[in-house]
Amino acid sequence: MKDFIIPTSMDDITNDRDMGTPASKSLEMVTLTIDGFEVTVPAGTSVMRASNEAGIEVPKLCATDSLEAFGSCRLCVVEIEGRRGTPASCTTPVAEGMVVNTHTDKIKKIRKGVMELYISDHPLDCLTCAANGDCELQDMAGAVGLRDVRYEGTENHFEVRQNGEVNPKYIPKDDSNPYFAYDPAKCIVCSRCVRACEETQGTFALTIEGSGFNSRVSFGAKSDDALHSDCVSCGACVAACPTATLTEKSVIELGTPERSVITTCAYCGVGCSFKAELNGDEVVRMTPWKHGKANRGHSCVKGRFAYGYASHSDRILSPMIRDSIDQPWREVSYEEAIDFTSKKLRDIQAKHGQKSIGGITSSRCTNEETYLVQKMIRAVFGNNNTDTCARVCHSPTGYGLKTTFGTSAGTQDFDSVEDTDVVIVIGANPTDGHPVFASRLRKRLRQGAELIVIDPRRIDLLETPHMGKGHHLPLRPGTNVAILSAISHVIVTEGLHDEAFIRERCDWDEFSEYAAFISDERHSPEAMQLLTGVDAQALREAARAFARGGNGAIYYGLGVTEHSQGSTTVMAIANLAMMTGNIGRRGVGVNPLRGQNNVQGACDMGSFPHELPGYRHVSDDATRDIFEDLWGVTLDAEPGLRIPNMLDAAVDGTFKGIYIQGEDILQSDPDTHHVAAGLAAMDCVIVQDLFLNETANYAHVFLPGSTFLEKDGTFTNAERRINRVREVMKPKNGYADWQVTMLLANAMGANWTYTHPSQIMDEIAATTPGFANVTYEMLEERGSVQWPCNDNAPDGTPIMHIDGFVRGKGQFIITEYIATDERTGPRFPLLLTTGRILSQYNVGAQTRRTDNVVWHDEDLLEIHPQDAENRGIKDGDFVKLASRQGETSLRATITDRVSPGVVYTTFHHPDTQANVITTDFSDWATNCPEYKVTAVQVSQSNGPTDWQKDYNEQAAQSRRILPAAE
Amino acid sequence: MSNTDEKLVRMANQIASFFKTQPGDKATASTAQHIKDFWDPSMIAQMRNLLANDVEGLDPIAHAAAKEVTAA
Ligand code: SF4
Ligand code: SF4
Ligand code: SF4
Ligand code: FES
């Protein structure tokens, strides 16, 4: 795709032109003349970028605006009056009054010579090349007017055989990565890929081996192909490569795309912006969008490559019903399915009462869809029995931050990390869970920011290449509050707290009370050491580093929330940020890393049983009035049932029907046996999803879902950023999810008339103060906006609590450590904790249906060598994992990443059923389940447990579909 | 006591155990308020029933709070 030559400002989101070098952030402006045109740019800008600003494109090969200038190809040379020679414009910064000529005879000759050399070692098969029409080498040959190549190299890298002999310089194509190919024959050794892997991704998987004519790109010494190298398949090198050397396999197969649509990744809470590039309605590739404010042009393997599930043959495209779950499914029309469902739900209500049904909204669906589901439950079902899977991940964040700060959201934008000097990462594994954020953080770590990781496992972030100082506090699972208290103890007793900030922004008396509490000897690192397993001296050092290190930011994940003291831990984190004055500016803050793409949105949109949209309690008359007026119904003023309570009530026989949109609670919720019993006890379980998920084994109605590529809407990421999701292709199942919900609601008497999700957003804006000024037109214009966005903050709110806390004064909360009821003992001596890995997502329903399985085809149990040896377990053995709740089996991998006494696994595969093991203990305030601590025993085993066998049998039975009637 | 009864008692105790650690003498009132804010009426009814049957295992603060909530 050719670039346009039009002058643009640097934040013009309609223009993707490569400006050659990154923008300078300097506020000082410099004026110079380029080819007679005067141009004013920030100091520190390169001559190349300044020319581009002036609309003059200087030929280039090794430069691109996502990477620091390198100056190796010499194609971009210019002449500067008063300077000798021909400097490279990409590496030469502008100066006041500089006079630049980009196109003299001398320069033209040099450029032609450079191109001639390149082309003499390049195959001339442009017509059949995958990059034809999208190749910078081709463009540059054209730009410099190269017409013939005078010399033929005696040696080259592209011919398999030369002069009848095997060419020793030829390296065959590496096809090992499922998503992109590496064809060394076409490489011009510009090292853009190497720099992308270092600067953008931070993995350092690529190097240049050899020198001069012999230099080649290599995937590291320890392996010979891409798949078995350190490469994490983020695609940054592929995007940076100017030639066809690194190319998406989909482009090789399908051809270069002809149109593109900007949309948002539907995997994790980073919320990366992508350009979906298409031919017709076929996605050719997804490339990270350079103007995306969450990802700034970067991506991970999931968003970049793992979209194939959308067209996977397992997708269910027509509705199905059955009377009982031992019957096979029957495919029916939407009309019949909706009619069947609405009658069943109304019958249940007639028999068991208005409150005997409910629903679950999805953190994978759009804000608009979630809003509609909770609206249907409240206004059409007539009760507050709505909940969301955010219950099982970030509900403690909501409670904890609302109590301390007054609003339940993260305080920063992702850009903020660029100004962080010391960072605490607790209970999160960003390189796997939030990869693009991890890359941005790693960049800062390479610049010298200090890292403190509080996690039972030695996570990859600690092994960031070229990072500064790192601390690891490997605590025993379940002792987060104890660790944070010990850190606060050190800060307060050593007088490292920020008194001025506390006096100004918080209540000093409250702090004094807190200080007295935390200064008690029982919170000292020495006293806590026995409990937490963390060395007291190491903890003291980390605490001092955080308090003294300048801008301190705290990032946390599910390892914080999914505990019986999840809410208390969130409050302890807030305490720590307040006492060190780390709130209300760039580089600091409390940052929950949300799991799924729209967890933030699902919470914002009123998914919880006690809260209407905008976190307003259902008992608040004024709020209910707003919705009652608009919806024309009377709303229940008392909270409804939460997911675990719905299941309890089902087991007790008082809750009979549930509508579940885009969630797989059987696989994702704790204590699988209990969830299964609850679902089995219901008369009408409705599952709306892409695939027959595990929950659908207990469903009576299956409504086909649509993917993010097939609908319009918005997702809100972990930084409160509202990003547009755009319809790239028509829904294969006929309807977007919001339309299916509307069909059901209308069949139950709702009379909704939405024709586009923008109308739903208008309703959200009209009812929810934080969204008051949000419209689709605004998002079209700006790309995205961070809520609150209203008359007080018309441009949105990148950083919260700048001049004061939302609640007024920040509140210090006493955070006493209370041990979980889940204890190890002689029968269950080990502690199990759970997590995720990069290539798979959540319960894996999508990623398991893509080539990502080459990186992770089963869940593994990590166990310390000592614990393994005691049990006679060898690497790769099948082992039995048992808890008080149940048992399962999986393969073991032996590693000292985990401490003795701790084992770890992921939960991406239904065969493993890690949640058969987890307990139903939960957070005291929100009932968020305690996934992160389970007492277990590990022993040798021969294969799947009885439960796994029974389960697979039931699943197979339940998934039968009758052949469609003629 | 059924499984869900036990769970309800455990939940009430857990809530009380947090508010007991807070300064001042509002532990009972705060526990009661938390239950009002987050429990649905059927759970409260179930608790009322448990109290009527002299349920065992409730922490004194949780007990007092449960009484307050269910009295309404
Ligand atoms: S795909 Fe990403 S990790 Fe792999 S080599 Fe390229 S930039 Fe590095
Ligand atoms: S693979 Fe591409 S980006 Fe890397 S050095 Fe070769 S041509 Fe340049
Ligand atoms: S999964 Fe997350 S980090 Fe990866 S591309 Fe999607 S939003 Fe970005
Ligand atoms: S683009 Fe400047 S030296 Fe290559």
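Residues numbered from 1 in each chain as written. Chains lettered and ligands numbered in written order. Predicted model: local features only at pLDDT ≥ 70, side-chain atom pairs only at ≥ 80, totals over all residues. Heavy atoms only, no water.

### Digging into the overall build of chain B
Inference 1: A count of helical and extended segments in chain B gives four helices and zero strands.
Inference 2: Against the globule reference of 11 Å for 72 residues, chain B gives a C-alpha radius of gyration of 11 Å, in line with a compact fold.
Inference 3: When its C-alpha atoms are laid out on the principal axes, chain B stretches across 35 × 20 × 20 Å.
Inference 4: Taken across its 72 residues, chain B has 49% of its residues classed as buried.
Inference 5: By sequence separation, contacts in chain B at least 24 residues apart represent 70% of the contacts at least 6 residues apart.
Inference 6: Put simply, chain B shows about 3,400 Å² of open surface, and 51% of that area lies on carbon and sulfur atoms. (Helix = DSSP H or I, 4+ residues; strand = E, 2+ residues; numbered from the N terminus. Rg over C-alpha atoms; globule rule 2.2 N^0.38 Å. Buried < 20%, exposed > 50% of the residue type's maximum accessible area, 1.4 Å probe, protein only. Contact = heavy atoms within 4.5 Å. Areas by Shrake-Rupley, 256 points an atom, 1.4 Å probe, with all protein chains shown as cover.)

### Looking at the overall build of chain A
Inference 1: Regarding its fold elements, chain A presents 29 helices and 36 strands.
Inference 2: Taken over the C-alpha trace, chain A has a radius of gyration of 29 Å; the compact-globule value for 966 residues is 30 Å, and the two agree within 12%.
Inference 3: The dimensions of chain A, computed from C-alpha atoms along their principal axes, are 90 × 80 × 65 Å.
Inference 4: Buried residues in chain A amount to 64% of all 966 residues.
Inference 5: Here chain A displays about 33,900 Å² of accessible surface, and carbon together with sulfur accounts for 50% of that area.
Inference 6: Separation of charge centres in chain A, based on 92 positive and 130 negative side chains, amounts to 2 Å. (Lys, Arg positive; Asp, Glu negative; His and termini not counted. Charge placed at Lys NZ, Arg CZ, Asp CG, Glu CD.)

### Re the site of ligand 3
Residue and element names in this part refer to chain A.
Inference 1: Taken together, C265, Y267, C268, G271, C272, F274, C300, K302, G303, P435 and V436 make up all the residues around ligand 3.
Inference 2: Contributing elements (two or more residues each) for the shell around ligand 3: helix 7 (301-305) and helix 12 (435-446).
Inference 3: Its residues assigned to classes, the shell around ligand 3 shows eight nonpolar, two polar and one charged. (Near = heavy atom within 4 Å. Nonpolar A, V, L, I, M, F, W, Y, C, P; charged D, E, K, R; others polar.)

### Some points on the domain arrangement of chain A
Inference 1: We note that the domain assignment places domain 1 (3-103), domain 2 (161-311), domain 3 (337-393 + 599-771), domain 4 (406-592) and domain 5 (830-957) within chain A.
Inference 2: Domain 1 of chain A and domain 4 of chain A are separated by 41 Å when their C-alpha centres are compared. (Domains from an automatic or database assignment.)

### Side note on the side chain of D664 of chain A
Residue and element names in this part refer to chain A.
Inference 1: The residue D664 is located in the loop between strand 25 (657-661) and helix 23 (665-668) in this model.
Inference 2: Given the relative accessible area of 5%, D664 is considered buried.
Inference 3: Only 3.1 Å separates the side chain of D664 from the backbone nitrogen of E694, close enough to count as a polar contact. (Polar contact = N/O pair within 3.5 Å; in protein donor to acceptor, adjacent residues only side chain to side chain.)

### Some thoughts on the interface of chain A and chain B
Inference 1: At the interface, 29 residues of chain A touch 22 residues of chain B.
Inference 2: Both faces combined, the contact of chain A with chain B buries some 2,200 Å², and carbon together with sulfur accounts for 56% of it.
Inference 3: For the pair chain A and chain B, the interface holds one salt bridge.
Inference 4: Measuring nitrogen to oxygen at the nearest pair gives 2.9 Å for the salt bridge that ties D648 of chain A to K7 of chain B.
Inference 5: Of all elements in the fold, only helix 19 (566-579) and helix 22 (643-651) of chain A reach the threshold of two or more residues within the side of chain A that touches chain B.
Inference 6: Partitioned by chemical class, the residues of the side of chain A that touches chain B number 10 nonpolar, nine polar and 10 charged. (Buried area = accessible area lost by both parts, 1.4 Å probe. Salt bridge = Lys/Arg side-chain N within 4 Å of Asp/Glu carboxyl O.)

### A word on the packing of aromatic side chains
All names here are of chain A.
Inference 1: Applying the stated rule across the entire model yields 19 aromatic pairs over all chains.
Inference 2: Seen from their ring centres, W752 and Y754 are 6.0 Å apart, and the 65 degrees between their planes marks the pair as edge-to-face.
Inference 3: Owing to a relative accessible area of 10%, W752 belongs among the buried residues under this scheme.
Inference 4: We classify Y754 as buried; its relative accessible area is 10%.
Inference 5: Ring pairing ties together the aromatic residues W508, F511, Y514, F517 and F812, which thus form one cluster.
Inference 6: In this structure, R457 is placed above the aromatic ring of Y904, and the distance from its NZ or CZ to the ring centre is 3.9 Å.
Inference 7: Its guanidinium or amino end placed over the ring of F691, R849 lies 3.8 Å from that ring's centre, counting from NZ or CZ. (Phe/Tyr/Trp six-rings, centres within 6.5 Å; stacked < 30°, edge-to-face > 60°. Lys NZ or Arg CZ within 6 Å of the ring centre and 35° of its normal.)

### Points about the environment of D121 of chain A
Residues and elements named next belong to chain A.
Inference 1: You can see D121 is positioned in the loop between helix 2 (105-120) and helix 3 (136-143).
Inference 2: In this structure D121 comes out as buried when scored by relative accessible area, which is 14%.
Inference 3: In the structure, D121 is positioned 66 residues away from C187 in sequence and 9.1 Å away in space, judged by C-alpha atoms.

### Some words on the pairing of strand 27 (residues 701-704) of chain A
The side chains of a regular strand alternate between both faces of the sheet.
Residue and element names in this part refer to chain A.
Inference 1: Side-chain alternation along strand 27 places V701 and L703 on one buried face and F702 and P704 on a second face that is also buried.
Inference 2: Bridge count for strand 26 (residues 684-689) against strand 27 is four bridges, and the pairing is parallel. The residue bridging I686 from the neighbouring strand is V701, located in strand 27. (Pairing = 2+ DSSP bridges.)

### Considering the pattern of salt bridges
Residue and element names in this part refer to chain A.
Inference 1: Within this structure, the stated rule accounts for 55 salt bridges over all chains.
Inference 2: The shortest N-O distance in the salt bridge between D419 and R586 comes to 2.5 Å. Of the two residues, D419 sits in the loop between helix 10 (395-404) and strand 18 (422-426) while R586 sits in the loop between helix 19 and strand 22 (589-592), which places them 167 residues apart along the sequence.
Inference 3: Classification of R586 as partly exposed rests on a relative accessible area of 34%.
Inference 4: In this structure, E499 engages R503 in a salt bridge whose closest nitrogen and oxygen atoms are separated by 2.7 Å. Of this pair, E499 and R503 both sit in helix 14 (residues 499-505), separated by four residues, roughly a single helical turn.
Inference 5: With relative accessibility at 35%, the residue E499 sits in the partly exposed group.
Inference 6: On the basis of relative accessibility, which here comes to 46%, the residue R503 falls in the partly exposed class.

### Thoughts on the nonpolar core
All names here are of chain A.
Inference 1: With 65 residues, the main nonpolar core has V425 and L451 as its most contacted residues.
Inference 2: If one sorts the elements of this core by residue count, helix 12 sits on top with four residues.
Inference 3: Dropping the residues within four chain positions of it, L451 is found in contact with V423, V425, L445, L461, L462, M467, K469, G470 and H471.
Inference 4: If you look at the next biggest cluster of nonpolar residues, it comprises 59 residues, including Y334, A337, Y371 and W787. (Core = buried A, V, L, I, M, F, W, Y, C linked by side-chain atoms within 4.5 Å.)

### Describing the site of ligand 2
Inference 1: Not every one of the 13 residues close to ligand 2 is listed here, only the nearest: C187, C190, S191, C193 and C241 of chain A.
Inference 2: For the shell around ligand 2, the per-class residue count stands at nine nonpolar, three polar and one charged.

### Focus on helix 22 of chain A
Within an α-helix, residues lying three or four positions from one another point in the same direction, as the helix has 3.6 residues per turn.
Inference 1: Burial runs high along helix 22 of chain A: seven of the nine residues are buried.
Inference 2: Turning to helix 22 of chain A, its buried residues number three or more, namely I643, N645, M646, L647, D648, A649 and A650 of chain A.
Inference 3: Of the surrounding elements, those touching the buried residues of helix 22 of chain A are strand 16 (357-361), strand 17 (386-388), strand 25 and helix 24 (672-680) of chain A together with helix 1 (3-20) and helix 3 (41-52) of chain B.
Inference 4: G653 of chain A, located one to two residues past helix 22 of chain A, shows a positive phi value of around 90 degrees.

### A short note on the sheet that holds strand 11 (residues 259-264) of chain A
Residues and elements named next belong to chain A.
Inference 1: Overall, antiparallel pairing links the three strands, which are arranged 11-12-13 in an open sheet. The open sheet terminates on both sides in strands that have one partner only, identified here as strand 11 and strand 13 (282-288). Adjacent strand axes in the sheet meet at a mean angle of 30 degrees when their direction is disregarded.
Inference 2: As defined by bridge partners, strand 11 adjoins strand 12 (residues 273-279) across six bridges and the pair is classed as antiparallel. Directly across from T264, in strand 12, lies its bridge partner S273. (Axes fitted to C-alpha atoms, helices over the stretch in contact; angles between N-to-C directions.)

### What to know about the confidence of the model for chain B
Segments scoring low in pLDDT should not have their predicted coordinates read at a detailed level.
All names here are of chain B.
Inference 1: For chain B, mean pLDDT is 86; residues scoring 70 or higher make up 96% of the total.
Inference 2: Confidence, expressed as mean pLDDT per element, reaches its minimum in chain B at helix 1 with 86 and its maximum at helix 2 (residues 27-38) with 89.
Inference 3: ipTM for the predicted complex: 0.89, alongside a pTM of 0.89. (pLDDT = per-residue confidence, 0-100.)

### Description of the packing of helix 1 of chain B against helix 3 of chain B
Residues and elements named next belong to chain B.
Inference 1: Orientation of helix 1 relative to helix 3, taken along the N-to-C sense of each, is 95 degrees, at an axis distance of 11 Å. The orientation of helix 1 with respect to helix 3, classified from their angle, is roughly perpendicular. For the pair helix 1 and helix 3, the contacting residues are T4, D5, L8, V9, M11 and A12 in the first and M43, Q46, M47 and L50 in the second.
Inference 2: Among the residues forming the contact of helix 1 with helix 3, the class breakdown is seven nonpolar, two polar and one charged. (Parallel < 35°, antiparallel > 145°, perpendicular 65-115°, else oblique.)

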